Amino acid sequence: MATVTAEHETTGSIDWQQTDLYRFFALVFAPPTHECFNFLAQPAVTMALCDLWKRLECEGEFPGFEWFASYELYESAYIALFDVGVPEPPVPLFESAHDKSHPAQEIALENTYFYEVLGLKSDPGQAVPDYLVTQLEFLAALRYTGEHTREEATAVSMLRAESDFLDRHLLNWIPVAKSKLCNTGAPGFPVLMTLLAEFLSHRHDG
């Protein structure tokens, strides 16, 4: 499956059928980059996200998509929403910040066990195991492996692992994060998080 390409970045158009949405959402929720800002600033992206909203059958009418007027505003909003706050940011992008029913160490360890299915390890110098982008990249790898194997047993195993990981982790905290983010009134990100939550639900139920 393709991810967002240079062509997409210049035109703002996205072929959702050919786009790996796990990687798409990993891109838009990763720490700020000029690549991501320039892509989401394209006027055509609003129409593309509206199309995705309908494809995922999100509840209600598409609310529109307001993006930031400058890279600096985007960067500062990202930091204020996801990285900085007392005692924590408004919407940390970590599972353990939203799931208080399990110790953070236990959550990180179970994420690590899943990653070992593909022989993957998260780099503690870059991110903890329950970081949203790490989780999405793992799911993208699972999906890619399942779709490109010639062994039916492997494909079935990858699908089962994807469903289990969604059930035990992403769907356990993304709806909570979505509610918190929608209450901030921030531009852009609440719509993206709503789309992510709906996509994850579709993958789990599909």
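In this text the structure is predicted, and so the values were computed from the model without any measurement. (Residues numbered from 1 in each chain as written. Predicted model: local features only at pLDDT ≥ 70, side-chain atom pairs only at ≥ 80, totals over all residues. Heavy atoms only, no water.)

Novice: I tried to follow the overall build of the protein chain on my own but got confused; where do I start?
Specialist: Looking only at helices and strands, one finds 9 helices and 0 strands in the protein chain. In the protein chain, the succession of α and β elements from N to C terminus is α-α-α-α-α-α-α-α-α. A buried classification covers 45% of the 206 residues belonging to the protein chain. A sequence separation of at least 24 residues applies to 67% of the contacts in the protein chain between residues at least 6 apart. Element-wise, carbon and sulfur atoms account for 52% of the exposed surface of the protein chain, whose accessible area totals about 10,600 Å². (Helix = DSSP H or I, 4+ residues; strand = E, 2+ residues; numbered from the N terminus. Buried < 20%, exposed > 50% of the residue type's maximum accessible area, 1.4 Å probe, protein only. Contact = heavy atoms within 4.5 Å. Areas by Shrake-Rupley, 256 points an atom, 1.4 Å probe, with all protein chains shown as cover.)

Novice: Looking at this structure, how should I read helix α8 (residues 152-182)?
Specialist: One turn of the α-helix equals 3.6 residues, which is why residues spaced by three or four share an orientation. The sharpest bend along α8 reaches about 45° and sits at leucine 166. For α8, the full list of buried residues reads Ala155, Met158, Ala161, Glu162, Phe165, Leu166, His169, Leu170, Trp173, Ile174, Ala177 and Leu181. At its buried positions, α8 is contacted by α2 (21-29), α5 (71-83), α6 (104-115), α7 (132-148) and α9 (189-205). (Bend = angle between axes of the 7 residues up to and from the residue.)

Novice: Honestly, the packing of aromatic side chains in this entry has me stumped. Any pointers?
Specialist: Aromatic ring pairs are defined here through the distance separating the ring centres and the angle between the ring planes. Per the stated rule, a full pass over the model turns up 26 aromatic pairs. Ring geometry for phenylalanine 24 against phenylalanine 25: centres 5.2 Å apart, planes inclined by 75°, an arrangement best described as edge-to-face. Under the relative-accessibility criterion, phenylalanine 24 is labelled buried at 0%. On the basis of an interplanar angle of 70° and a centroid distance of 5.6 Å, the ring pair of tryptophan 53 and phenylalanine 62 is categorised as edge-to-face. Of the two residues, tryptophan 53 and phenylalanine 62, both sit in the buried class. Pairwise contacts between aromatic rings join Phe29, Phe37, Phe65, Trp67, Phe68, Tyr71, Tyr74, Tyr78, Phe82 and Phe189 into one cluster. (Phe/Tyr/Trp six-rings, centres within 6.5 Å; stacked < 30°, edge-to-face > 60°.)

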